[in-house]
Amino acid sequence: MTEEQPAGMTRRTVLKAAGATLGAGAFAAAIAPLTQWKPAESVDEFLRRHYKELTPAELTEICRRVEADAKKTHGIDVHVAAPQPTPGVKFGYALNLSICVGCRRCAEACHRENNHDRATHNSYIRVFEMDNGTLDLAHGDATYDHPVPAKGKYYMPVQCHHCDNAPCTKVCPVEATWKEQDGIVVVDYNWCIGCRYCEAACPYHARRFNWKKPEVPASEINPDQGYLSNRVRPQGVMEKCTFCLHRTREGRLPACLEACPTGARVFGDLADPQSEIRWVLANKRVFILKEDLGTRPTFFYFFDK
Amino acid sequence: MPNLISRPGPIAFLRQAIHHATDGGPLFYAWMTLLTCVALVGVNAWANQVVHGMQVTGMGDHVSWGLYISNFTFFVGVAAAAVMMVIPAYLYHDHEMHDSVIVGELLAIAAIVVCLLSVTVDLGRPDRFWHMMPPLGRFNWPISMLTWDVIVLNGYLALNLWICAYLLWNRWRGTAPSPRLYLPFVFLSIVWAVSIHTVTAFLYCGLGGRPFWNTALLAPRFLASAFVAGPALIIVILLALQRLGGYPFGDRPIALLLRIVRITALINLFMLGVECFTALYAGSTHASSLRYLLFGAHGHHGLVPWIWSAIALNVVAAALFLWPGLLRRPGLLAAACLMTFVGIWIEKGMGLVIPGFIPSTLHEMVEYSPTATEWKITLGVVAGGALIYTLLLKTALPLISGWTPGLSVGHAAMDAQHRRLFEQLNALVAAVRSRRGAAEVGRTLDFLDAYVREHFADEERLMSESGYAGLDDHRRMHAGFVTELAAVHAALSAPDADRQAIAERLHHAMRDWLLHHIRVDDRAYASHLATRG
């Protein structure tokens with residue numbers, strides 16, 4: 001027995017080694033598709049620090065890099081800016097349910113403004129057709145397909161409520177999403193790990209995940225881009241409504257508001273007592289969606305009559 | 001007298017571990033090949049998912065977690081269930097559990113690996129996992145429950161790795177483990193086990209926007225179901241190891257685990273009932289997920305077959321567990337355990353994670369069913385865990401029950417005889433525990449008896465020839481063992497013999513005696529032989 005063992009062991013060892021080699025080879029073959037994957041354009045981008053740790057100079061350099069990438073990938077000139085919040089400004093949004101007709105032009109404008117994937121027709125806004133007589137979304141329908149406004153119905157667009165007590169920013173394990181000084185909840189697309197916990201946490205279905213690389217024809221790409229807002233997003237990260245911060249932080253209005261044909265949308269500075277939104281909040285019958293959850297939204301609904 | 005026999009080092013330990021882990025019969029190689037193939041199919045599917053994006057899954061912005069997170073949640077429970085063996089083994093010094101507790105502890109390690117892999121394959125950007133690790137990354141602790149989960153899961157993995165590695169290393173070297181170096185960690189692991197499933201429940205019940213999960217009963221439910229599925233799986237593993245691997249664990253650990261699942265299965269069903277009553281009786285819109293799950297809603301019925309299958313499996317298993325004769329029917333016992341294992345897997349995933357998303361927070365009805373890619377990746381992850389578990393068991397079990405190089409007395413012939421003694425003792429224990437016929441037990445016992453005498457005679461001759469001073473003491477110890485063996489023989493031949501008790505006495509008294517005798521007394525004469533050259 002002891003004499004035979006070394007020979008037996010050797011044969012067995014050779015067989016084991018052959019098995020291990022075969023296994024390693026099969027593993028290499030199985031994982032081979034990863035070679036087609038280009039998660040980052042450059043090592044710098046891959047190793048980039050968190051947005052909040054970047055100096056203004058680094059941020060500018062990164063914006064230039066995104067512009068160069070757009071030139072390389074799509075052959076177009078885009079302008080990427082990183083406008084900062086203005087101290088003392090707190091943005092808020094109010095929507096007049098009495099006059100919204102459910103035309104979904106806001107959702108369409110969002111789609112184009114924010115360079116959403118064309119094939120999935122993504123938008124940060126979902127418009128619900130509601131039965132008169134109830135505020136319960138269980139009686140709503142976001143998939144309606146007929147001329148509007150329909151008899152006996154009213155319409156309720158829902159988008160990010162930019163909550164003061166935002167459940168989505170609390171749950172993020174890597175601080176890839178946070179509330180800015182001016183009240184806008186943003187996502188750092190280059191920091192998000194794609195766990196989608198924020199999407200589970202949001203009570204307003206306001207967050208979207210990039211299930212694939214968003215595709216927009218070069219001719220349709222909106223060249224006026226913000227680093228934290230509508231630049232074309234990478235695959236596998238979260239995104240959401242940013243109150244069009246590339247516009248609103250520079251004194252313009254959100255794209256959805258500009259597109260609204262009825263004037264149902266009111267956007268402004270909640271910190272300014274003279275603003276229109278403050279007048280609405282003081283004088284209209286205002287309600288907050290799911291107020292009982294304690295999320296303290298800065299997005300309000302109101303009625304005229 | 002100085003001990004001149006060197007203790008083997010870590011390299012030899014690793015070599016032996018690799019040897020044990022990779023050596024086996026045709027069944028072992030077939031099993032490993034199967035697991036490897038399934039794992040590789042999973043790896044390939046995952047690589048494709050990373051390249052093409054998560055669009056290859058059945059998930060979407062409405063149901064944004066699916067099979068991966070379901071499987072993760074379930075296996076956290078399996079990992080936590082090891083505590084049901086650790087408590088009796090270490091806290092109550094239950095000897096029957098002492099041999100098999102390693103089966104549970106190693107399962108915890110493999111289950112945590114499954115959990116960590118399940119979360120990794122769910123990430124949209126696995127290349128950025130380092131964003132979570134300070135100082136390079138940012139760790140949103142303590143406010144994000146996910147960061148708590150990262151801490152408790154990795155901590156539990158580290159605790160179990162340390163306990164298993166430390167005990168096995170000492171067992172292999174033939175040294176006594178220092179209780180200071182493992183007992184505090186064992187007690188910590190008990191509390192920690194509860195924490196991993198509690199924190200995992202908090203991931204869900206902390207979300208105010210998802211009324212289906214937002215219930216204080218979630219953590220207790222998670223623990224109750226974990227203490228059904230986990231012990232049930234361990235019972236199946238112990239049965240399989242006894243039958244296929246010939247490891248003599250005996251009925252006692254299985255009986256204890258069965259007593260546990262008998263109760264926990266009922267508690268789990270009770271909690272499901274309580275949850276249903278509370279939500280359905282009040283009739284609030286908060287119950288819409290539950291209504292969809294149980295009965296379907298607005299023309300959507302995707303989860304109805306899943307949940308009723310789960311309930312049926314769990315009810316039948318719970319009824320079988322209550323039947324006193326189940327322990328004597330290993331086949332049926334294994335079937336009941338597998339039924340409830342599958343039942344709880346469904347209950348945690350298709351019955352809890354998925355319906356939390358349906359209807360959506362804006363009350364849209366969007367259903368979910370996993371794609372082939374998701375099944376491949378999930379099965380691959382589980383196969384990977386099973387692969388690791390098999391290797392761990394293959395390494396650990398021979399160490400626990402048999403002769404190890406740490407017991408070497410530096411004399412090849414005596415080492416070979418010692419190794420044989422362990423084998424014979426294990427064979428006898430196995431024969432008695434598995435209720436084989438008296439004739440077979442008698443044969444094994446006769447053989448052991450003869451072998452012991454032969455070995456002792458050889459050893460004493462060696463001592464006498466070398467002029468060993470402790471020969472008389474040593475002879476007395478040998479005689480004591482022979483007397484003990486004769487007593488066992490007599491006890492077993494008695495018509496009303498409590499064979500189970502005898503098996504335990506054999507196993508512990510005699511094996512411990514043998515271990516101690518070889519470690520201390522035999523090494524003394526071995527040193528003597530060594531000094532003489």
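The preceding data block contains the structure.
This one's a predicted model, so the numbers in the text were calculated from it and none came from an experiment.

## Some details on the state of the cysteines
Residue and element names in this part refer to chain A.
Part 1 of the argument: Summed over the entire model, instances satisfying the criterion amount to zero disulfides over all chains.
Part 2 of the argument: Counting only cysteine sulfurs, C256 is the nearest neighbor of C244, a cysteine outside any disulfide, at a range of 5.9 Å.
Part 3 of the argument: A relative accessible area of 7% places C244 in the buried class.

## Some points on the nonpolar core
Part 1 of the argument: Formed by 209 residues in total, the largest nonpolar core has its most connected members in V103 and W213 of chain B.
Part 2 of the argument: The greatest single-element share of this core, amounting to 17 residues, is contributed by helix α8 (residues 218–245) of chain B.
Part 3 of the argument: Look past the residues within four positions of W213 of chain B in its chain and what remains in contact with it is A200 of chain A together with W65, Y204, C205, L207, L218, L352, V353, G356 and F357 of chain B.
Part 4 of the argument: If you look at the next biggest cluster of nonpolar residues, it comprises 36 residues, including V452, F456, M463 and L506 of chain B.

## A closer look at the interface of chain A and chain B
Quoted interface sizes are often the accessible area lost when the parts come together.
Part 1 of the argument: Facing 60 residues of chain A, the contacting portion of chain B comprises 57 residues.
Part 2 of the argument: Buried surface at the junction of chain A and chain B, summed over both partners, amounts to about 5200 Å²; 58% is from carbon and sulfur atoms.
Part 3 of the argument: Counting the surface chain A buries against chain B, the share from its top three residues, I193, Y197 and W211 of chain A, is 15%.
Part 4 of the argument: At the surface where chain A touches chain B, the tally comes to six salt bridges.
Part 5 of the argument: The salt bridge involving E53 of chain A is made with R138 of chain B; its shortest N-O contact spans 2.7 Å.
Part 6 of the argument: Going through the elements one at a time, α1 (4–31), β3 (126–131), α5 (167–171), α6 (197–201) and β8 (207–209) of chain A are the ones with two or more residues in the side of chain A that touches chain B.
Part 7 of the argument: The leading source of residues in the side of chain A that touches chain B is α1 of chain A, at eight residues.
Part 8 of the argument: A per-class count over the side of chain A that touches chain B returns 37 nonpolar, eight polar and 15 charged.

## Here we look at the sheet that holds β3 of chain A
Strands belonging to one sheet form pairs held by backbone hydrogen bonds; the direction of such a pair is parallel or antiparallel.
Residues and elements named next belong to chain A.
Part 1 of the argument: Taken together, the three strands give an open sheet; going across it, the order is β4-β3-β5, and neighbouring strands pair in antiparallel fashion. In this open sheet, the two edge strands, each paired with only one partner strand, are β4 (140–141) and β5 (153–158).
Part 2 of the argument: Strand direction decides the pairing type here: β3 and β5, joined by six bridges, are antiparallel. Bridge pairing in β5 links V127 to P157.

Procedures and definitions
Per-chain numbering applies: the sequence of each chain, read as written, is numbered from 1 onward. Whichever chain is written first becomes A and whichever ligand is written first becomes 1, with later ones labelled in order. The predicted origin of the model limits local features to residues at a pLDDT of at least 70 and limits the giving and counting of side-chain atom pairs to 80 or more, whereas totals for whole chains, interfaces and linings rest on all residues. For side-chain calculations, the full set of non-hydrogen atoms in the structure is used, while hydrogens and water are omitted. Note that a disulfide, as used here, is simply two cysteine sulfur atoms within 2.5 Å. Burial status follows relative accessibility: with a 1.4 Å probe on protein chains alone, a residue under 20% of its type maximum counts as buried, one over 50% as exposed, and anything between as partly exposed. Residues belong to a common nonpolar core when they are buried Ala, Val, Leu, Ile, Met, Phe, Trp, Tyr or Cys residues joined through side-chain atoms within 4.5 Å. A run of DSSP states H or I qualifies as a helix once it reaches four residues; a run of E qualifies as a strand once it reaches two. Both are numbered from the N-terminal end. By the convention used here, residues are in contact when the closest approach between their heavy atoms is within 4.5 Å. In this description, buried area is defined as the sum, over both parts, of the accessible area (probe of 1.4 Å) that is lost when the two are combined. We define a salt bridge as a side-chain nitrogen of Lys or Arg found within 4 Å of a carboxyl oxygen belonging to Asp or Glu. Note on residue categories: nonpolar means Ala, Val, Leu, Ile, Met, Phe, Trp, Tyr, Cys or Pro, charged means Asp, Glu, Lys or Arg, and polar means any other residue, Gly included. Strand pairing is assigned whenever DSSP identifies at least 2 bridges connecting the two strands.

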